[in-house]
Amino acid sequence: MTTKPSAPEPDGAPQPPEGPDPAAAPESAGPPLPAAPESAGRSRGKRPTQGDPVVERAFALLGAFTAHRRSIGLGELSRLTGIPKSSALRLARTLVGLGVLERTDGGDFVVGLRLWEIASLAPQVHGLRAVAMPYMEDLNLVTRQHVLLAVRDGDDALLVERLSAHGAGPVLYRVGGRLPLHATGVGVVLLAFADFDDRQAYLSRPWSTEPEGVPVSAAELRLTLAAVRRDGYATVGRTLPRPLVSVAAPIRDGGEQVVAALSIVVPAESEDVRGLVPAVRATARAISRGLGARRPAPPR
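The structure displayed is predicted, hence computed values, not measured ones.

The rules behind each value
- Within each chain, residues carry numbers counting from 1 in the order of the written sequence.
- The model is predicted, so local features are restricted to residues of pLDDT at least 70 and side-chain atom pairs to those at 80 or more, both for listing and for counting; the totals for chains, interfaces and linings are taken over all residues.
- With hydrogens and water set aside, each side-chain value is computed from the structure's full complement of heavy atoms.
- Where helices and strands are cited, they refer to DSSP runs of H or I of at least four residues and of E of at least two residues respectively, numbered from the N terminus.
- Summary of the burial criterion: residues with accessible area below 20% of their type's maximum are buried, those above 50% are exposed, and those between are partly exposed, where the area comes from a 1.4 Å probe applied to protein chains only.
- Contacts are assigned to residue pairs that have any heavy atoms within 4.5 Å of one another.
- Calculation of accessible area relied on Shrake-Rupley with a 1.4 Å probe; when residues are assessed, cover is drawn exclusively from the protein chains displayed.
- Only strands joined by at least two bridges in the DSSP assignment are considered to pair.
- The axes are straight lines fitted to the C-alpha atoms, using for helices just the contacting stretch, and the angles between their N-to-C directions are given from 0 to 180°.
- Here a polar contact is recorded for every N or O atom pair within 3.5 Å, except that within protein the pair must consist of a potential hydrogen donor and a potential acceptor, and residues adjacent in sequence are included only if both atoms are side-chain atoms.
- To qualify as a nonpolar core, a set must consist of buried Ala, Val, Leu, Ile, Met, Phe, Trp, Tyr and Cys residues joined through side-chain atoms within 4.5 Å.
- If an angle is under 35 degrees, it is roughly parallel; if it is over 145, roughly antiparallel; if it lies from 65 to 115, roughly perpendicular; otherwise it is oblique.
- For any pair of crossing helices, the crossing counts as left-handed if the nearer helix is rotated counterclockwise from the farther one by less than a right angle, and right-handed if it is rotated clockwise.
- Two rings belonging to Phe, Tyr or Trp (six-membered ring only in the last case) form a pair when the distance between their centres is within 6.5 Å. Interplanar angles under 30 degrees mark stacking, angles over 60 mark edge-to-face geometry, and anything in between is tilted.
- For a ring to carry a charge above it, either NZ of a lysine or CZ of an arginine must fall within 6 Å of the ring centroid while also lying within 35 degrees of the normal to the ring plane.

On to the overall build of the protein. Each helix and strand in the protein was counted, giving nine helices and nine strands. Across the 300 residues in the protein, those meeting the buried criterion constitute 42%. Counting only contacts in the protein whose residues sit at least 6 apart along the sequence, the fraction spanning at least 24 positions is 60%. As presented, the protein carries roughly 15,500 Å² of accessible surface, and 58% of it is formed by carbon and sulfur atoms.

If you want it as structure tokens, here you go:
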């Protein structure tokens, strides 16, 4: 991959003048731009900002990239974000110069390593991952299955780390990807221990499982969340990409607040799933102690 800020545009001849650049004109913040396909139909929990429109447009360009759309041409960037081509090109070239985007030999734009370098410094993730990794590796070695670590970000769980043994089978989510709170093990745990008002706001909206598309009953989900708070763990079954079961437990910090969730994902037809609960809970408690937690919080 090479960085080519002066590569010819893949969309044909230069575009005619458009008039004043909307990026330079004051504007009120609108709703967030369309989210990635993996989170389609779900709010990402972000509030519209009242900031610099140029900065917001730059982030809109970055938000167009997803796990299924890693390389984007200028025309598609313009279409996905609603930013005119000339403005999109100026912003993209600036981001290329900063290393946040890169340009392929074919002229498309891809996410640059500088963005990954900056994102890896996020304190919520960096310290958590450093503490959790040795314990996750032990759990992965013993079970030879997928071990996931996630934090909550708005209406989603954000996958911080995933260790996958060879032959463990396919899973839907990648590191850095978003998981639904209501339909994954780590998500259910994070939702169960969220603030009461947050839970109520989440449960007030209609949800369905993804990608199965089965509607979720708010009443049943409330019962599930109450059981998770009482028992200290969650088990969630999925049918796609194949029948799977996730066993998850909360991770607490020094203030005894739930800051993350750990899970193991196994085939539904595997050994007794309940037999995995002690191992997952013990690993989550070990990580919690590493973060400063002194004792398990009492049931709510």
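There is more to say after this.
Here the focus is the sheet that holds strand E8 (residues 244-252). One open sheet holds the six strands; their spatial order is E6-E5-E4-E9-E8-E7, and the pairing between them is antiparallel. Unpaired on one side and paired on the other, strand E6 (178-180) and strand E7 (234-238) mark the two borders of the sheet. Adjacent strand axes in the sheet meet at a mean angle of 35 degrees, parallel and antiparallel pairs treated alike. Strand direction decides the pairing type here: strand E4 (residues 146-153) and strand E5 (residues 156-163), joined by seven bridges, are antiparallel. Bridge pairing links Leu-149 to Glu-161 in E5. Of the strands in this sheet, E4, E5, E6, E7, E8 and strand E9 (258-267) touch helix H6 (residues 185-192), which is tilted by about 150 degrees from E9.

It is worth spelling out helix H1 (residues 53-63) at this point. Within H1, the full set of buried residues consists of Pro-53, Arg-57, Ala-58, Ala-60, Leu-61 and Leu-62. Buried residues along H1 sit in contact with helix H2 (74-81), helix H3 (85-98), strand E2 (101-103) and helix H4 (113-119). Sitting at the amino-terminal end of H1 is Asp-52, which places a side-chain oxygen 2.8 Å from the backbone nitrogen of Val-54.

Take the sheet that holds strand E1 (residues 71-72) next. Read across the open sheet, the three strands follow the order E1-E3-E2; overall the sheet is antiparallel. Both edges of this open sheet fall to E1 and E2, since each of them pairs with a single strand only. Here two bridges tie E1 to strand E3 (residues 109-111), and the two strands are oriented antiparallel to one another. Within E3, the position partnered with Ile-72 by the bridge is Phe-109.

Right, let's talk about the nonpolar core for a bit. Residues Ala-157, Leu-179, Val-189, Leu-225 and Val-228 are the most contacted members of the largest nonpolar core, which totals 27 residues. Residue contributions to this core peak at six residues, all from H6. If we skip the residues at most four places from it in the chain, Val-189 touches Val-228, Ala-234, Ala-248, Ala-249, Pro-250 and Ala-261. Counting 25 residues, the second-largest nonpolar core is a separate cluster that includes Met-136, Leu-163, Tyr-233 and Ala-284.

Our next topic: the pairing of E7. Residue alternation in E7 divides its side chains into a buried set, Ala-234, Val-236 and Arg-238, and an unburied set, Thr-235 and Gly-237. Pairing analysis gives five bridges linking E7 to E8, with the strands arranged antiparallel. Of the residues in E8, the one forming a bridge with Gly-237 is Val-245. As consecutive antiparallel partners, E7 and E8 are separated by five residues.

In this section: unusual backbone geometry. Non-glycine residue Arg-144 carries a positive phi angle of around 60 degrees. The residue Arg-144 is located in the loop between helix H5 (123-143) and E4 in this model. Classification of Arg-144 as partly exposed rests on a relative accessible area of 42%. Here Glu-256, not a glycine, exhibits a phi torsion of approximately 65 degrees, which is positive. Examined against the element boundaries, Glu-256 turns out to sit in the loop between E8 and E9. Overall, Glu-256 belongs to the buried group, its relative accessible area being 16%.

Right, let's talk about the packing of helix H7 (residues 196-203) against helix H8 (residues 218-231) for a bit. Two elements in contact, H7 and H8, have axes separated by 11 Å at closest approach and are oriented at 150 degrees. One element, H7, and the other, H8, form an angle in the roughly antiparallel class. Pair H7 / H8 crosses with right-handed handedness. Across the interface between the two elements, Arg-199, Gln-200 and Leu-203 from H7 touch Ala-218, Leu-221, Arg-222, Leu-225 and Arg-229 from H8.

The next thing to look at is the packing of aromatic side chains. Scanning the model with the defined rule gives one aromatic pair in all. With 4.3 Å between their ring centres and 10 degrees between their planes, Tyr-202 and Trp-207 make a pair best called stacked. Judged on exposure class, the residue Tyr-202 and its partner Trp-207 are both buried. The cationic tip of Arg-252 hangs over the ring face of Phe-193; the distance from NZ or CZ to the ring centre is 5.1 Å.

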